[in-house]
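Structural overview
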Amino acid sequence: MDLHLIALLAIGFLAGLMDAAVGGGGLLQIPALFNALPNSVPVTSVMGINKFASFSGTFTASVQFVRKIRVPWNMLLPAAVLAFLASYGGARLVAYLPVHHIKPAMLVIMAAMFVYTFFKKDLGQVARTAQLSRKETAWGLFFGALIGFYDGLFGPGTGSLLAFVFVRFFAYDFLTATASAKVINFTTNLAALAFFIPNGHIVWAWALPLAAANLCGGLAGTHLAIRGGSRLLRYGFMVLLCVLIGKFGWDLLHTA
């Protein structure tokens, strides 16, 4: 078997595990794809392969989470619909918008999220029992659409953004927030595929084995998240933010 493919499958498993537990799997998977695939493969095809594999992992994680964790379906379902539409629109713009313009804004957002989470020790540690208000539901719809668009266009850090929104604005614990984020993340990946697959932006010889690796990683990551609980997810969330900040900062320094 091709050594590049073996290495990519290992990274796909780790990306699926990471994505299911705290998000950010694309941070590993997208650079690996750019390094493993021939230079002749278009950017849209690289993103299409990544989305197909990520869809497999997030679908698996979503099913596992909702079987064991109670999520706010009244808000999640309409938010997922809006996220689906916004993600499809973002995927259509991949070939036209240089995604490196997004990185400075994401760097600032991730840094602010880390500082807030670090200093607010009890953030996401208490399970919410109250129903969402109409205002909170409206905010959920807005953030679902906004982050869905980002996921279709670029992707890395989507799960972290969604989890932070559910914890900070809706006072959910990290476990419920992670489960809820996976439901929306699954629909945004599906929406992106609705563009990538019909337009021939999937190289199946790479996408199928990578999807299998993601699926296995998603199963392992979900088990780890549920077993570790909100305390483990809080630490994992902050570690992931540090990695994202470092990655975006490094990219900016080397493109300046």
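In this text the structure is predicted, and so the values were computed from the model without any measurement.

Okay, a nonpolar patch on the surface next. Taken together, the side chains of Phe 13, Leu 14 and Leu 28 make up a nonpolar region of the molecular surface, amounting to roughly 240 Å² of accessible area. Structurally, Phe 13 is set in helix H1 (residues 3–21). The exposure class of Phe 13 is partly exposed, given its relative accessible area of 32%.

Turning to the nonpolar core, a few remarks are in order. Phe 65, Met 113, Phe 166, Phe 170, Ile 184 and Leu 244 are the most contacted members of the largest nonpolar core, which has 42 residues in total. Residue assignment for this core shows that the elements contributing at least two residues are H1, helix H3 (43–68), helix H4 (73–92), helix H5 (103–119), helix H6 (134–153), helix H7 (158–170), helix H8 (174–196) and helix H9 (204–255). Among residues more than four places away in sequence, those in contact with Ile 184 are Leu 76, Ala 79, Ala 80, Ala 83, Leu 162 and Phe 166. With 23 residues, the next largest nonpolar core counts Leu 5, Leu 33, Leu 193 and Phe 195 among its residues.

With that settled, the discussion passes to the confidence of the model for the protein. With 91% of its residues at a pLDDT of at least 70, the protein reaches an overall mean of 82. Between the elements of the protein, mean pLDDT differs from a low of 75, seen in H5, to a high of 89, seen in H3.

As a further point, take the pattern of salt bridges. Considering all chains together, one arrives at one salt bridge under this definition. Measuring nitrogen to oxygen at the nearest pair gives 2.8 Å for the salt bridge that ties Asp 151 to Lys 51. With a gap of 100 residues between them, Asp 151 in helix H6 and Lys 51 in helix H3 connect regions that are remote in the sequence. When its relative accessible area of 3% is taken as the criterion, Asp 151 is described as buried.

Taking 1.5 Å as the rise per residue, H1 with 19 residues should run 27 Å; its terminal C-alpha atoms sit 27 Å apart, in good agreement. Inspection of H1 places Leu 5, Leu 8, Gly 12, Ala 15, Gly 16, Met 18, Asp 19, Ala 20 and Ala 21 among the buried residues, and these make up the whole buried set. The first or second residue beyond H1 is Gly 23, which carries a positive phi of 95°.

Moving on to unusual backbone geometry. The phi dihedral of Ala 171 falls on the positive side, at around 60°, and the residue is not glycine. Position of Ala 171 relative to the elements: it lies in the loop between H7 and H8.

Take empty space enclosed by the protein next. Applying the stated rule across the entire model yields four cavities of 30 Å³ or more. If you trace the largest cavity, you find 16 residues lining it, with Asp 19, Gly 26, Ser 54, Asp 151 and Gly 155 closest to the centre. Elements that contribute at least two residues to the lining of the largest cavity include exactly H3, H7 and H8. Ranked by residue count, the leading element in the lining of the largest cavity is H3, at four residues. By residue class, the composition of the lining of the largest cavity is one nonpolar, 12 polar and three charged. The calculated volume of the second largest cavity comes to roughly 60 Å³. Lining the second largest cavity are 13 residues, and of these Ala 15, Gly 16, Asp 19, Ser 54 and Asn 214 lie nearest its centre. For the lining of the second largest cavity, the elements supplying multiple residues, two or more each, are H1, helix H2 (26–36) and H3. A per-class count over the lining of the second largest cavity returns three nonpolar, eight polar and two charged.

Attention shifts here to the UniProt feature "transmembrane region" (unreviewed entry) in the protein. Listed under "transmembrane region" (unreviewed entry) in the UniProt record, and renumbered for this structure, are residues 75–95, 102–119, 139–167, 203–225 and 232–250. Secondary structure content for residues 139–167 is 86% helix and 0% strand, and the end C-alpha separation is 13 Å. Between the first and last C-alpha atoms of residues 232–250 the distance is 27 Å; the span itself is 100% helix and 0% strand.

Looking at the element boundaries, Ser 54 is found in helix H3. With relative accessibility at 11%, the residue Ser 54 sits in the buried group. Looking at Ser 54, its side chain comes within polar contact range of the side chain of Gln 29, at 3.4 Å. Setting aside residues up to four positions removed in sequence, Ser 54 forms contacts with Gln 29, Asn 189 and Asn 214.

Now for the packing of H4 against H8. The geometry of H4 relative to H8 is characterised by a closest axis approach of 7 Å and an angle of 30° between their N-to-C directions. When you trace H4 past H8, the crossing you get is right-handed. Where H4 abuts H8, its residues Trp 73, Leu 76, Ala 79, Ala 80, Ala 83, Phe 84, Ser 87, Tyr 88, Ala 91 and Arg 92 lie against Ser 180, Val 183, Ile 184, Thr 187, Thr 188, Leu 190, Ala 191, Ala 192, Ala 194, Phe 195 and Phe 196. Along the lines of polarity and charge, the residues of the contact of H4 with H8 split into 16 nonpolar, four polar and one charged.

Cut-offs and rules
Residues numbered from 1 in each chain as written. Predicted model: local features only at pLDDT ≥ 70, side-chain atom pairs only at ≥ 80, totals over all residues. Heavy atoms only, no water. Patch = residues over 30% accessible without salt bridge, like charges linked within 9 Å, V, L, I, M, F, W, Y side chains within 5 Å. Areas by Shrake-Rupley, 256 points an atom, 1.4 Å probe, with all protein chains shown as cover. Salt bridge = Lys/Arg side-chain N within 4 Å of Asp/Glu carboxyl O. Helix = DSSP H or I, 4+ residues; strand = E, 2+ residues; numbered from the N terminus. Buried < 20%, exposed > 50% of the residue type's maximum accessible area, 1.4 Å probe, protein only. Core = buried A, V, L, I, M, F, W, Y, C linked by side-chain atoms within 4.5 Å. Contact = heavy atoms within 4.5 Å. pLDDT = per-residue confidence, 0-100. Expected span 1.5 Å × (residues − 1). 1 Å grid on protein atoms, 1.4 Å probe; cavity = no way out; pocket = protein on both sides within 12 Å on 5 of 7 lines; lining within 4 Å. Points joined across faces, edges and corners; volume = space filled by probe spheres on them. Nonpolar A, V, L, I, M, F, W, Y, C, P; charged D, E, K, R; others polar. UniProt positions renumbered as here; feature names shortened; annotations may be inferred. Polar contact = N/O pair within 3.5 Å; in protein donor to acceptor, adjacent residues only side chain to side chain. Axes fitted to C-alpha atoms, helices over the stretch in contact; angles between N-to-C directions. Left-handed = near helix turned anticlockwise from the far one by under 90°.

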